[in-house]
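Observations on the three-dimensional arrangement
The residues making up each chain are set out below.
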Amino acid sequence: MPIAASPSPRRPIAPRALALLLLTTSVGAQETWTPNVPKTWDPTALEDFELPLARPEFSPRHIDPDHYAALPLRTVWRSYPVYHPDHEPEGYRDELRSKDPEPAFEPSDLHDQQDWIAAGRLVFHAPIDFDGPIFGPEQVLDPAWYEQFEVPTTTEGILPFARWVIREKGRLELGNLSCAMCHTRVLDDGTPVEGAQGNLPFEQLFAADIRRAAAPEPILRRVLGTLADVPWNDVQPSAKAPMTDLARQLEAIPPGVQLRQGTTLQAPARTPDLIGIADRRYLDATGFVRHRGIADLMRYAATNQGVDLLARYGDHVPATGTDQPPPPGEGWFTGTRDRYSDDQLYALALYIYSLTPPPNPHSLDDLARRGEQVFERESCTDCHPAPLYTSNQLVRAPGFRPPAEHFERYDVSRRRVDTDPELAMSTRRGTGYYKVPSLRGLWYRSPLGHSGSVKTLEEWFDPRRTDDDYVPSGFVPADPARRPVRGHRFGLDLSSDDKRALIAFLRTL
Ligand code: HEC
Ligand code: HEC
């Protein structure tokens, strides 16, 4: 069924999310809700919506408002589900091919908040690239591909990470790189959860592209460089290392962790759960982006779907590898040639605020209640206080000495957790900090930690994870292949009974 024709079941907006909306839309009561679309590329707000990088001289300087305004707008096309070949209805794609191209996002048709949220869901699913990268029609129509890469599909046999799109009559394209591609999780029972930590084996598929030379080597290197070059740190996958080594390093990145642009092969980022995001004051594992209201979430979506690649980090522009961005509309990299409209971003942000978690099968039974006491006794609440289970603070990574003014501008904890500093210190998203993540929704997400180094809570609280010869179950950089998961020693020395209870409690959140 096309999502354009049947918007998501109308979801109530969570109370805290609603409070944030009301704050930012300056409307008194829900009945009188009117859209109040902020300006995404507002020069004043852009000045401090991101934290400075650990080496502030390399903090991104974004394109100016004229350049932003000159980027062509993205069209949200009506799109259709992709089925596993064994589940595809007879004649399905032939029927799609006979359809007319149809823009699906039309602000003048949106009458109330629910309409805007439903339209935001279309933006969430809207591809920003076609017939690749990562995978294309050839892959999704081959049953062996799903088996080889353990690509999850829903109970209905749908691949929820990509969509069929008609932009030109008679031509069916596989659209990907939508928000849904990375931010959808298929649970073990086949339920898709939009907004949850994704579980498409993204980097395994990227590695496979490299191994089968899906594109010429110089192009693949440019892709890697655009994503992960940090020239001031001598990190340059675009220039160095044999291609097979790069593929091997990508293969070390499990589903739910990604070489998101601005991270590196040594320190990719765990895909966060977007459900409950209205309550989070900092976005990204490193707290790189401030979340002061809906406009910042809109800015986040704009930058992270390509516009950050046009920024200057020192004299390095990721989209070109030079000190200049391409002229508006001319970028070669996905997301750098066009942009979302403010209306699309506003609808998208409303949709993300409206997301609610799947029903939790874990109840607060006796064991979990005892675990709650352990949680309090062990002072986990200092950093993970109820009801959000995060203090929304930033914690300094080892080696980072913040300038004094940070303690006034940002909510910086005086405490430390001493987890691996690489992502915080050495990447284009590295602020020198890690934020305290919320512990809500732990039961349906994995892997854990800023780079997703462990897969289970049992392992997070296993003291062996800090041993020198420990091999974690989640992300481990390929070179060296073994790396202990250091830091965050809280709870490691509990008795096995207390640990069992604590974990049972955490799964109820
Ligand atoms: C290619 C995969 C990918 C795509 C596409 C993608 N994201 Fe993400 N997203 C990530 C990863 C990985 C992170 C974690 C980055 C970090 O921690 O530095 C992230 C982080 C975020 C965050 C920060 C959340 C938090 O609590 O820290 C938000 C918000 C977000 N994404 C929204 C979106 C939206 C909206 C879209 C579509 C417009 C989108 N993302 C597209 C992979 C993706
Ligand atoms: C001093 C602050 C602090 C204290 C105290 C603390 N944590 Fe954390 N916690 C953090 C930070 C910061 C992270 C993220 C670390 C990283 O990813 O590098 C984290 C991560 C976690 C994670 C992984 C969550 C995820 O989504 O990846 C769990 C689980 C967790 N903490 C549980 C606990 C429990 C249980 C306790 C008490 C036994 C506790 N924490 C005490 C700051 C703290």
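Everything numeric in this text was worked out from a predicted model, so none of it was measured.

1. Quick look at the overall build of the protein chain
Across its full length, the protein chain carries 18 helices and 15 strands. Compactness check: the protein chain gives a C-alpha radius of gyration of 22 Å against a globular reference of 23 Å for 509 residues, within 12% of the reference. Each principal axis of the C-alpha distribution contributes one length, and for the protein chain these read about 65 × 55 × 50 Å. Across the 509 residues that make up the protein chain, the buried fraction comes to 59%. Residue pairs in contact within the protein chain that sit at least 24 positions apart in sequence constitute 71% of those at least 6 positions apart. Just so you have it, the protein chain exposes about 21400 Å², and 50% of that area is on carbon and sulfur atoms. One way to put it: in the protein chain the 57 positive side-chain charges average out to a point 4 Å from where the 71 negative ones average out.

2. Digging into the domain arrangement of the protein chain
Domains assigned within the protein chain are domain 1 (1-28 + 73-182), domain 2 (194-264) and domain 3 (366-506). Domain 2 and domain 3 are separated by 25 Å when their C-alpha centres are compared. Domain 2 puts 23 residues into the contact, and the matching count from domain 3 is 16 residues. Counting each side, the surface lost to burial between domain 2 and domain 3 is near 1500 Å², with a carbon and sulfur contribution of 54%.

3. Considering the site of ligand 2
Close to ligand 2 lie 27 residues; Cys380, Cys383, His384, Arg445 and His488 are nearest. A distance of 3.1 Å separates an oxygen atom of ligand 2 from a polar atom in the side chain of arginine 270. In the environment of ligand 2, a nitrogen atom lies 2.8 Å from a nitrogen or oxygen atom belonging to the side chain of histidine 384. Contributing elements (two or more residues each) for the shell around ligand 2: strand 15 (433-435) and helix 17 (457-460). Grouping the constituent residues of the shell around ligand 2 by class yields 16 nonpolar, seven polar and four charged.

4. Structural notes on the coordination of the iron atom of ligand 2
Ligation of the iron atom of ligand 2 by protein atoms is provided by His384 (NE2) and His488 (NE2), these donors lying 2.0 to 2.1 Å from the ion. Because the angles between the six donor atoms bound to the iron atom of ligand 2 fall within 88 to 179°, the donor set is best described as octahedral. Residue histidine 384 is found in the loop between helix 14 (366-377) and strand 13 (394-396), and its partner histidine 488 is found in the loop between helix 17 and helix 18 (496-506); the two are separated by 104 residues along the sequence. Using a relative accessible area of 14% as the deciding quantity, one classes histidine 488 as buried.

5. A look at the side chain of aspartate 308
As for its position among the elements, aspartate 308 is in the loop between helix 12 (294-304) and strand 12 (312-313). For the buried aspartate 308, which has no salt bridge, the nearest side chain bearing the opposite charge is arginine 429, at an N-O separation of 4.4 Å.

6. Considerations on the packing of helix 9 (residues 202-211) against helix 11 (residues 243-251)
Packing of helix 9 against helix 11 leaves a shortest axis separation of 8 Å and a crossing angle of 165°. Here helix 9 is positioned roughly antiparallel relative to helix 11, judged by the angle of their axes. Here the hand of the crossing between helix 9 and helix 11 comes out left-handed. For the pair helix 9 and helix 11, contact is made by Glu203, Gln204, Phe206, Ala207, Ile210 and Arg211 and by Met243, Thr244, Ala247, Arg248, Leu250 and Glu251, respectively.

7. Describing the coordination of the iron atom of ligand 1
Donor atoms from the protein around the iron atom of ligand 1 number only one, His183 (NE2), found at 2.1 Å. Following the sequence through the fold, histidine 183 ends up in the loop between helix 8 (179-182) and strand 6 (184-186).

8. Looking at the pairing of strand 5 (residues 171-176)
Within strand 5, five of the six residues are buried, which leaves the element mostly enclosed by the surrounding structure. With two bridges joining them, strand 3 (residues 129-130) and strand 5 adopt antiparallel strand pairing. Residue pairing for strand 5: phenylalanine 130 is matched across the bridge by glycine 175. With four bridges joining them, strand 4 (residues 158-168) and strand 5 adopt antiparallel strand pairing. For valine 165, the partnering residue across the bridge sits in strand 5 and is glutamate 173. Turn length for the strand 4-strand 5 hairpin, with the two strands adjacent in sequence and antiparallel, is two residues, and the turn residue glycine 170 shows positive phi of about 85°.

9. Some points on the pattern of salt bridges
Inspection of every chain in the model, using the stated rule, returns 29 salt bridges. Residue arginine 97 is joined to aspartate 94 by a salt bridge in which the shortest nitrogen-to-oxygen separation is 2.9 Å. Taken together, the positions of arginine 97 and aspartate 94, both in helix 4 (residues 92-97) and three residues apart, correspond to about one turn of that helix. Residue class for arginine 97 comes out partly exposed when judged on its relative accessible area of 30%. Judged by relative accessible area, which is 54%, aspartate 94 ranks as exposed. The residue arginine 211 makes a salt bridge to glutamate 251 at a minimum N-O spacing of 2.8 Å. Here the residue arginine 211 occupies a position in helix 9, and glutamate 251 occupies one in helix 11, the gap between them amounting to 40 residues. Put simply, Asp48, Arg290, Arg292, Asp296 and Arg299 are held in one network by salt bridges that share partners.

10. Here we look at the site of ligand 1
Near ligand 1 there are 26 residues, and of these Cys179, Cys182, His183, Arg280 and Asp284 occur at the shortest range. Aspartate 284 has a polar backbone atom sitting 2.6 Å from an oxygen atom of ligand 1. Going through the elements one at a time, helix 8, strand 9 (269-270), helix 12 and helix 13 (342-354) are the ones with two or more residues in the shell around ligand 1. Looking at side-chain class alone, the shell around ligand 1 contains 15 nonpolar, five polar and six charged residues. Domain assignment of the residues forming the shell around ligand 1 places at least three in each of domain 1 (1-28 + 73-182) and domain 2 (194-264).

11. Digging into the environment of proline 137
Mapped onto the elements of the fold, proline 137 is located in helix 6 (residues 137-140). On the basis of relative accessibility, which here comes to 24%, the residue proline 137 falls in the partly exposed class. Along the backbone, proline 137 and tyrosine 351 are 214 residues apart, and their C-alpha atoms lie at a distance of 28 Å. If sequence neighbours within four positions are ignored, proline 137 has contacts with Asp131, Trp164 and Leu174.

Here is what the cut-offs are and how they apply
- Residues numbered from 1 in each chain as written.
- Chains lettered and ligands numbered in written order.
- Predicted model: local features only at pLDDT ≥ 70, side-chain atom pairs only at ≥ 80, totals over all residues.
- Heavy atoms only, no water.
- Helix = DSSP H or I, 4+ residues; strand = E, 2+ residues; numbered from the N terminus.
- Rg over C-alpha atoms; globule rule 2.2 N^0.38 Å.
- Buried < 20%, exposed > 50% of the residue type's maximum accessible area, 1.4 Å probe, protein only.
- Contact = heavy atoms within 4.5 Å.
- Areas by Shrake-Rupley, 256 points an atom, 1.4 Å probe, with all protein chains shown as cover.
- Lys, Arg positive; Asp, Glu negative; His and termini not counted.
- Charge placed at Lys NZ, Arg CZ, Asp CG, Glu CD.
- Domains from an automatic or database assignment.
- Buried area = accessible area lost by both parts, 1.4 Å probe.
- Near = heavy atom within 4 Å.
- Polar contact = N/O pair within 3.5 Å; in protein donor to acceptor, adjacent residues only side chain to side chain.
- Nonpolar A, V, L, I, M, F, W, Y, C, P; charged D, E, K, R; others polar.
- Donors = N, O, S within 2.8 Å, 3.2 Å for Na, K, Ca; no water.
- Tetrahedral: all angles 85-135°; square planar, octahedral: opposite > 155°, others 65-115°.
- Salt bridge = Lys/Arg side-chain N within 4 Å of Asp/Glu carboxyl O.
- Axes fitted to C-alpha atoms, helices over the stretch in contact; angles between N-to-C directions.
- Parallel < 35°, antiparallel > 145°, perpendicular 65-115°, else oblique.
- Left-handed = near helix turned anticlockwise from the far one by under 90°.
- Pairing = 2+ DSSP bridges.

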